[in-house]
Amino acid sequence: MESKSESKVLALAGGGPVTGLHIGALERLRDVGELKTFNVWSLSCIGAWVGIIYLQADPGREIEQTRAFFHDKVFREDESYKRFPINTVFGPDLLSNQRALLQFLADPESYCHLVLPKQYVAAARDMLRFLMDPRKWWDLRAWTDGELNQRMLDLLSAHPASRFLTSMLYLSSINGLSRIYYPGSPFLASIRFDRLNEFGKPLVYHNAWNLSRQKLELFTNRPVPGRNYRRITDKSLCACSALPYIEATVEIDGDTYCEGALVDTVNFHDLVRDLPDLEEVWVSRLVDTSQIRPPRNLTEALGNLCMLFAAETGKNDIKLFKYHLDEESLCDKKEIRVVELPVSARVNFDWSRANLARGIEEGREAVDIARSHVKQLDDVRKRANEDLDTFVKTQEAHIRDAEAELLLQLAGSMDDRIRVLRLAVAKAQGRSRAVTRHSIRAELLDMAEKRYAAIA
């Protein structure tokens, strides 16, 4: 790690088409001078792309080049997107798909289990019985969609031709609708990964899920003492965004990888483990359930499929992260602040340039809202700390437990009063273990913040 006394983390999460929020947030953080205070960047999925593109850009032109990269190379022009709703990099791997289909056709196993006489005859008999039912000749209401579709599915599942075509589509060695990693790709070659190692660059993390070893792995731009992380490369960057089914997996040194953001949004566990001097974490998580709308077509339905559980996973990861910061003994030494940038519901899951521009605008505004909240919180905490001793005495006066009051009469020092408060709060909240002094202080500060909130 660096020799800095404290670590301040910028966490950019995944969210694909909502990329603009990250870019707008970076632009605003840069403008107010806040961006240079982050000495660690923790990234995942599209957040890794935004963070790495920004950090490898020419000095002084980071925002302009990051915006241009996604505008020109990823998001599609609006008029084109209306009738071709796919971004410019999620293209099918035509040669690999052709190779997979030829392998399927050449494999004798592909022709096994195609003919199921008993099942086909039974399905055909059921279909004929359904069609020849006299009630359906004069009562059209008897022709229910669900029943007809079920009969047709049973018939197709037993028909040799449909079994062969379906297995060729779903059981050949194609494991993603698109592919983003290609050796020697001009798109990837335009990213200067060597610049991530330059002096003054922050420590950069991104994750990916190792399917071969069934574990989350981290990639960094430089070694981390005591950790055996792999280095960030074009392969690792593609692996970290290889969302299952949407993108094909990526192979690195014999292991197969896919996206890791759905396991750990922005590496919260490793931040606490690797950064004992962790002071503050700012999180931009991009997606929220408020962005989900009733789908009007398959494109929007696919977007909802990807983003709905991603939104809830990200929200829950942050809640768990905050909980562990409060509860783990590792964090008893000091308080670690988590700042969340608000997620805009005005952006959607379109890979259109209009959506990118809207996201950038909303991202800038999100930083202003978060900074205003942090300032108000700092003011409240400053006043709360100044009045902490008086406030503790006020809380002591409200304790009605007879045992606690007796101990209070015998207690003289602040440590004794804290010990009594620990017992009282533990009993009041029904906790099964002792409350640490840090958690008592955190609860009192929380009470103080609420007390001063109206004043602030």
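All of these numbers come straight from a predicted model, not from anything done at the bench. (Residues numbered from 1 in each chain as written. Predicted model: local features only at pLDDT ≥ 70, side-chain atom pairs only at ≥ 80, totals over all residues. Heavy atoms only, no water.)

A. A look at the overall build of the protein. Broken down by element type, the protein carries 18 helices and 11 strands. Every one of the 456 residues in the protein was classed for burial, and the buried ones make up 46%. Contacts in the protein between residues at least 24 apart in sequence constitute 73% of all its contacts with a sequence separation of at least 6. For the protein, the accessible area works out to roughly 24,500 Å², and carbon and sulfur atoms hold 57% of it. (Helix = DSSP H or I, 4+ residues; strand = E, 2+ residues; numbered from the N terminus. Buried < 20%, exposed > 50% of the residue type's maximum accessible area, 1.4 Å probe, protein only. Contact = heavy atoms within 4.5 Å. Areas by Shrake-Rupley, 256 points an atom, 1.4 Å probe, with all protein chains shown as cover.)

B. Here's a closer look at the confidence of the model for the protein. Looking at the protein as a whole, its pLDDT mean stands at 84, while 79% of the residues score no less than 70. Across residues 329–333 the pLDDT falls below 50, and counting only partners more than four positions away or on other chains, this stretch makes 7 contacts in the model. (pLDDT = per-residue confidence, 0-100.)

C. Broad picture of the packing of helix H2 (residues 46–55) against helix H3 (residues 62–73). Interhelical geometry of H2 versus H3 gives an angle of 135 degrees and a closest axis separation of 8 Å. Taken together, the axes of H2 and H3 are oblique relative to one another. In this structure, the crossing between H2 and H3 has a hand that is right-handed. Every residue of H3 that contacts H2 at Ile-46, Trp-49, Val-50, Ile-53 and Tyr-54 is listed here: Glu-62, Ile-63, Thr-66, Phe-69 and Phe-70. Residues of the contact of H2 with H3, tallied by class, amount to 8 nonpolar, 1 polar and 1 charged. (Axes fitted to C-alpha atoms, helices over the stretch in contact; angles between N-to-C directions. Parallel < 35°, antiparallel > 145°, perpendicular 65-115°, else oblique. Left-handed = near helix turned anticlockwise from the far one by under 90°. Nonpolar A, V, L, I, M, F, W, Y, C, P; charged D, E, K, R; others polar.)

D. Representation of the packing of helix H8 (residues 145–158) against helix H9 (residues 160–170) in the model. One can describe the packing of H8 onto H9 by two numbers: an axis separation of 5 Å at closest approach and a directional angle of 80 degrees. One way to sum up the angle between H8 and H9 is to call them roughly perpendicular. Within the contact between the two elements, H8 uses Leu-156, Ser-157 and Ala-158 and H9 uses Pro-160, Ser-162 and Arg-163. Grouping the constituent residues of the contact of H8 with H9 by class yields 3 nonpolar, 2 polar and 1 charged.

E. How the structure looks around the nonpolar core. Grouped together as the largest cluster of nonpolar side chains are 66 residues, with contacts concentrated most on Leu-10, Trp-41, Trp-49, Phe-70, Ile-191 and Trp-282. Broken down by element, this core gets its largest block of residues, 8 residues, from H2. Excluding residues within four positions of it along the chain, Trp-41 makes contact with Leu-10, Leu-26, Leu-35, Gly-51, Tyr-54, Leu-55, Pro-202, Leu-203, Val-204 and Tyr-205. If you look at the next biggest cluster of nonpolar residues, it comprises 22 residues, including Ala-11, Val-283, Phe-321 and Val-338. (Core = buried A, V, L, I, M, F, W, Y, C linked by side-chain atoms within 4.5 Å.)

F. View of H9. Among all positions of H9, only Ser-162, Phe-164, Ser-167 and Met-168 are buried. Against helix H5 (94–106) and H8 lie the buried residues of H9.

G. Focus on the side chain of Ser-42. The residue Ser-42 is located in strand E2 (residues 40–43) in this model. Judged by relative accessible area, Ser-42 falls into the buried class, the value being 0%. Setting aside residues up to four positions removed in sequence, Ser-42 forms contacts with Val-9, Leu-10, Ala-11, Leu-12, Tyr-205, Val-266, Asn-267 and Leu-271.

H. Structural context of the environment of Glu-34. Here Glu-34 is to be found in the loop between helix H1 (20–31) and E2. The class for Glu-34 is buried, based on a relative accessible area of 16%. Distance from Glu-34 to Arg-371, taken between C-alpha atoms, is 9.6 Å for residues 337 residues apart in sequence.

I. Here's a closer look at unusual backbone geometry. Its identity is not glycine, yet His-113 carries a phi of approximately 65 degrees, on the positive side. Mapping His-113 onto the fold places it in the loop between H5 and helix H6 (117–131). On the accessibility criterion, His-113 (60% relative accessible area) is exposed. Its identity as a non-glycine residue notwithstanding, Asp-253 has a phi of 50 degrees, on the positive side. Within the secondary structure, Asp-253 is located in the loop between strand E8 (250–252) and strand E9 (255–258). Given a relative accessible area of 66%, Asp-253 falls into the exposed group.

J. Main features of the environment of His-206. Looking at the element boundaries, His-206 is found in strand E4 (residues 203–210). Excluding residues within four positions of it along the chain, His-206 makes contact with Leu-43, Ala-48, Ile-52, Glu-217, Leu-218, Phe-219, Ile-232, Ser-236, Leu-237, Cys-240 and Asn-267.

K. Here's a closer look at the pattern of salt bridges. Considering all chains together, one arrives at 29 salt bridges under this definition. The shortest N-O distance in the salt bridge between Glu-147 and Arg-151 comes to 3.5 Å. Within this pair, Glu-147 and its partner Arg-151 are both found in helix H8, separated by 4 residues, close to a single helical turn. The partner of Glu-300 in a salt bridge is Arg-296, with the nearest N and O atoms 2.5 Å apart. Using a relative accessible area of 71% as the deciding quantity, one classes Arg-296 as exposed. Each of Lys-8, Glu-34, Glu-280, Arg-337, Arg-371 and Asp-378 takes part in salt bridges that share partners, so that together they form one network. (Salt bridge = Lys/Arg side-chain N within 4 Å of Asp/Glu carboxyl O.)

L. Structural detail: a nonpolar patch on the surface. On the surface, a cluster of nonpolar side chains totalling about 540 Å² of accessible area is made up of Leu-177, Tyr-245, Leu-262, Leu-302, Leu-305 and Phe-309. Of all the elements, helix H13 (residues 298–327) adds the most residues to the nonpolar patch, at 3 residues. One can find Leu-262 in the loop between E9 and helix H12 (268–274). (Patch = residues over 30% accessible without salt bridge, like charges linked within 9 Å, V, L, I, M, F, W, Y side chains within 5 Å.)

M. Layout of the state of the cysteines. Counted under the stated rule, the structure contains 0 disulfides. Cys-45 carries a free sulfur, and the closest cysteine sulfur to it, the one in Cys-240, is 6.3 Å from it. (Disulfide = S-S within 2.5 Å.)

N. Representation of H2 within the structure. Burial runs high along H2: 10 of the 10 residues are buried. Among the residues of H2, Ile-46, Gly-47, Ala-48, Trp-49, Val-50, Gly-51, Ile-52, Ile-53, Tyr-54 and Leu-55 are the ones counted as buried.

O. Focus on the pairing of strand E1 (residues 7–12). Across the 6 residues that make up E1, a large majority, 6, are buried. Burial along E1 is two-sided: Ser-7, Val-9 and Ala-11 facing one way and Lys-8, Leu-10 and Leu-12 facing the other are all buried. Bridge analysis of E1 against strand E10 (residues 278–284) gives 6 bridges, and the strand direction is parallel. Within E10, the residue paired with Leu-10 across the bridge is Trp-282. Sheet analysis places E1 next to E2, joined by 4 bridges and oriented parallel. For Val-9, the partnering residue across the bridge sits in E2 and is Val-40. What joins E1 to E2 is H1, and the crossover it makes is right-handed. (Pairing = 2+ DSSP bridges. Right-handed = clockwise from strand over helix to strand, strands pointing away.)

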